[in-house]
Amino acid sequence: MRWSKLFIPTLREVPAEAEAPSHKLLLRAGYVRQIASGIYVYLYLAQRSFLKITRIVREEMDAIGAQEFYMPALNPAELWQESGRWDQVGQIMFRLKDRNQRDLCLGITHEEGMTDIARRELRSYRQLPQIWYQIQEKFRDEPRPKSGLLRMRQFIMKDSYSFDLDPAAMEVSYKKHYDAYCRIFERCGLKYKIVEASSGAMGGKLSHEFMVLSDAGEDWVVLCSCGYAANREKATSRPSPVEDDSSQHSPEPFPTPGQRTIEDMVKFTGEVAARFIKSLLYVAEDKPVLLLLRGDRQLSESKLAEVLGTDVFRPATPEEAERYLGGPLGFVGPVKLKGVRILAEAGLEGRRNMISGANQKDTHLRYVTPGKDFKAEYHDLHEVVDGDICILCGLRLKVSKSIEIGHVFQLGTRYSDTMGARVLDRAGKQVSLYMGSYGIGLERILTAAIEQNIDADGTALPASVAPFEVILTVTNMEIAALREAGDKLYEEMRSRGIDVLYDDRDERPGVKFKDADLTGVPYRLTLGRKKFEKGLTEILDRSTREMTDVRIERAAGELETRRLRPG
RNA sequence: CGGGGCGUAGCGUAGUCUGGUUAGCGCGCCUGCUUUGGGAGCAGGAGUUCGUCGGUUCGAAUCCGGCCGCCCCGACCA
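Residues numbered from 1 in each chain as written. Chains lettered and ligands numbered in written order. Predicted model: local features only at pLDDT ≥ 70, side-chain atom pairs only at ≥ 80, totals over all residues. Heavy atoms only, no water.

### As for the environment of Thr 519
Point 1. The residue Thr 519 is located in helix α13 (residues 509-519) in this model.
Point 2. With relative accessibility at 1%, the residue Thr 519 sits in the buried group.
Point 3. As for Thr 519 and Lys 175, which are separated by 344 residues in sequence, their C-alpha atoms are 36 Å apart.
Point 4. Excluding its chain neighbours within four sequence positions, the residues that come into contact with Thr 519 are Trp 3, Ala 29, Tyr 31, Leu 45, Leu 461, Pro 467 and Ile 471. (Helix = DSSP H or I, 4+ residues; strand = E, 2+ residues; numbered from the N terminus. Buried < 20%, exposed > 50% of the residue type's maximum accessible area, 1.4 Å probe, protein only. Contact = heavy atoms within 4.5 Å.)

The following block contains the structure:
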């Protein structure tokens with residue numbers, strides 16, 4: 001393509017709306033324009049990148065026997081009411097009415113649509129397994145779209161769904177996807193981690209996320225050098241050891257005027273935070289729940305939701321504390337409580353002679369021993385923090401920010417049961433299909449690739465996702481010999497199938513170099529006057545900045561060679 | 001939804017506190033000449049309902065109120 005004929009609106013200055021590095025780059029390099037919060041236009045360069053990413057995704061999905069469909073984004077409410085998600089998903093779904101006041105929605109994913117086809121068409125185990133996928137727009141009314149293409153209200157997803165006879169077969173389909181995802185992300189040139197994830201409201205058990213470590217991301221992953229890797233919502237850790245007084249005592253009140261927080265009490269008593277029982281009163285579905293954590297730990301509300309089986313809960317108000325505990329917030333504790341469910345983090349089991357609130361103003365208790373002085377249900381409730389101990393190897397864990405680029409779920413029969421997707425098995429019995437669902441966010445692949453390769457001048461994209469493979473830059477189009485050599489080289493590269501962007505604009509060299517750096521195209525082939533007179537052109541590797549002079553007639557061949565061994 | 005910030009030409013911004021000529025500057029854009037290896041120079045030129053609606057005032061980008069939009073932090077995130 002000749003740049004002089006293209007629309008690539010690069011900017012010298014970053015629009016004030018952009019904060020995340022990839023967002024700034026996408027705007028400056030002329031890839032995208034925003035039309036509303038979380039809604040973007042993909043201009044020529046972005047679209048070219050997406051076509052390349054899409055092609056990689058297609059090839060790898062097709063390679064595991066997946067069949068491409070295209071589902072409507074516009075769905076009737078009935079489908080979602082049958083699965084129960086019409087009520088379950090809440091405000092994240094865009095809902096609308098047609099002219100006859102019938103409820104419709106825009107799909108957030110397509111379990112319902114795919115399961116609907118499956119239940120209508122699949123009759124026999126002989127038709128299994130099936131893997132169906134699509135590459136299509138998803139709509140989500142996010143509470144807060146952010147960071148350019150990282151969290152949008154409309155985005156492109158590759159989503160696939162597997163249908164199998166039993167759990168073992170489902171695992172085979174799951175593994176196929178897992179492996180295909182690895183190949184996709186490798187081909188896209190991404191450095192990624194695979195972590196155990198919680199499946200959230202999707203239902204199902206086993207789930208993995210594919211994550212690219214990046215400060216621009218919004219998910220937290222917990223990693224250990226031994227290989228342990230989990231989403232923070234799911235991750236667990238061992239408590240670091242604490243010395244407790246092991247002698248026999250009974251709880252004993254002592255005055256602590258005005259000492260409401262763990263921090264206050266650490267200063268007041270001189271004991272370390274881990275010696276305290278942090279007691280949080282919550283109200284879950286109108287019932288009080290007392291949550292106990294080690295003084296130096298934070299509650300993970302996602303884990304709490306899993307334990308409670310609901311996400312309808314909140315911290316109690318001061319009035320509620322008085323009502324349920326008989327004492328004010330700040331002096332809450334588990335001893336001698338009646339009528340309040342007590343959940344404790346597992347790390348409190350076996351501890352002795354700790355300090356807790358006494359449910360009485362300005363009073364705490366010492367010598368509180370879990371199990372002896374109060375009974376609790378023990379669960380994994382704490383949020384893992386940097387430096388916690390790995391449950392597998394005992395080393396320190398690291399918590400890192402990351403971008404979620406893919407997610408695979410084993411759904412089991414959650415949708416086939418609710419929607420009635422069954423087939424006859426070998427024995428002629430009706431059985432629910434075992435499903436999996438698998439998603440890749442296409443914009444996040446591009447965003448992650450940009451973030452991973454960003455530098456002061458722009459970005460250096462992997463060739464597989466860059467909008468072009470090469471930019472051919474002629475430094476001065478007014479010099480006829482140079483221009484003619486450029487035209488000739490351009491035609492030669494095109495005839496060899498090299499994806500080349502020919503910068504034939506009547507601009508000064510500086511402008512062309514700056515623009516080339518911005519776009520992230522992996523190679524720049526420069527035709528400049530001095531070297532041209534010696535029959536030379538130069539190849540610049542955008543990522544390493546390495547410059548190589550080659551004879552003009554060999555340049556196209558050299559680029560082909562490099563394409564075969566990228567990186 | 002809670003907290004914070006912002007809205008002036010395509011982009012970046014000054015001016016707003018303390019109301020008063022024709023709303024200023026840089027980049028970009030158009031024309032001409034010069035220039036051509038890291039965002040050129042000179043000359044001329046076009047482009048703004050100052051987010052929007054209302055109020056105060058002789059007079060509003062500026063003061064007051066409503067609304068809309070965008071960004072950030074948090075909540076939230078199938």
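That covers the picture; the talk isn't over yet.
### Re the pattern of salt bridges
Point 1. Taken as a whole and assessed by the stated rule, the structure comprises 53 salt bridges.
Point 2. For the salt bridge of Arg 187 with Glu 59, the shortest nitrogen-to-oxygen distance reads 2.7 Å. Within this pair, whereas Arg 187 is found in helix α6 (residues 167-187), its partner Glu 59 is found in helix α2 (residues 44-63), the two being separated by 128 residues in sequence.
Point 3. For Arg 551, the salt bridge goes to Glu 553, with nearest N and O atoms at 3.1 Å.
Point 4. The class of Arg 551 is partly exposed, set by a relative accessible area of 39%.
Point 5. We classify Glu 553 as exposed; its relative accessible area is 51%.
Point 6. Through salt bridges that share partners, Arg 55, Glu 59, Glu 60, Arg 183 and Arg 187 make up one connected network. (Salt bridge = Lys/Arg side-chain N within 4 Å of Asp/Glu carboxyl O.)

### A short note on the packing of aromatic side chains
Point 1. Scanning the entire structure with this criterion turns up 13 aromatic pairs.
Point 2. Here Tyr 42 and Phe 50 contribute two aromatic rings whose centre-to-centre distance is 4.8 Å and whose plane-to-plane angle is 45°, an arrangement assigned as tilted.
Point 3. Ring pairs connect the aromatic residues Tyr 178, Tyr 181, Phe 185, Tyr 192 and Phe 210, which therefore count as one cluster.
Point 4. Between Arg 366 and the ring centre of Phe 254, over which it is positioned, the NZ or CZ distance is 4.2 Å.
Point 5. Its guanidinium or amino end placed over the ring of Trp 3, Arg 505 lies 4.0 Å from that ring's centre, counting from NZ or CZ. (Phe/Tyr/Trp six-rings, centres within 6.5 Å; stacked < 30°, edge-to-face > 60°. Lys NZ or Arg CZ within 6 Å of the ring centre and 35° of its normal.)

### What to know about the sheet that holds strand β21 (residues 377-379)
Point 1. The strand order across the open sheet built from 5 strands is β17-β14-β15-β18-β21, with neighbouring strands paired in mixed fashion. Across the chains shown, the open sheet's two edge strands, defined by having one partner strand only, are β17 (313-315) and β21. Averaged over all pairs of adjacent strands, the angle between strand axes in this sheet comes to 35°, irrespective of strand direction. (Pairing = 2+ DSSP bridges. Axes fitted to C-alpha atoms, helices over the stretch in contact; angles between N-to-C directions.)

### Some remarks on the sheet that holds strand β4 (residues 74-76)
Point 1. The 3 strands lie next to each other as β4-β6-β5, forming an open sheet whose pairing is antiparallel. Because the sheet does not close on itself, it has two edges, and the strands there are β4 and β5 (95-97). With direction set aside, neighbouring strand axes in the sheet form an average angle of 35°.
Point 2. As judged from the 3 bridges shared by β5 and strand β6 (residues 103-106), these two strands associate in the antiparallel manner. Within the sheet, the bridge partner assigned to Lys 97 lies in β6 and is Asp 103.

### Concerning the domain arrangement of chain A
Point 1. Taken as a whole, chain A is organised into domain 1 (12-235 + 399-450), domain 2 (252-382) and domain 3 (468-564).
Point 2. Look at where the C-alpha atoms of domain 2 and domain 3 centre, and you get two points 68 Å apart. (Domains from an automatic or database assignment.)

### Regarding the nonpolar core
Point 1. Core analysis: the biggest nonpolar cluster contains 60 residues, and Tyr 31, Tyr 181, Phe 185, Leu 190 and Ile 405 have the highest contact counts within it.
Point 2. For this core, the element with the most residues is α2, which contributes 7 residues.
Point 3. Looking at which domains feed residues into this core, each of domain 1 (12-235 + 399-450) and domain 3 (468-564) gives three or more.
Point 4. The contact partners of Phe 185, leaving out residues within four places of it in the chain, are Leu 190, Tyr 192, Phe 210, Ile 405, Gly 406, Ile 440 and Ile 445.
Point 5. Membership of the second largest hydrophobic core comes to 21 residues, among which are Leu 472, Met 493, Ala 555 and Leu 559. (Core = buried A, V, L, I, M, F, W, Y, C linked by side-chain atoms within 4.5 Å.)

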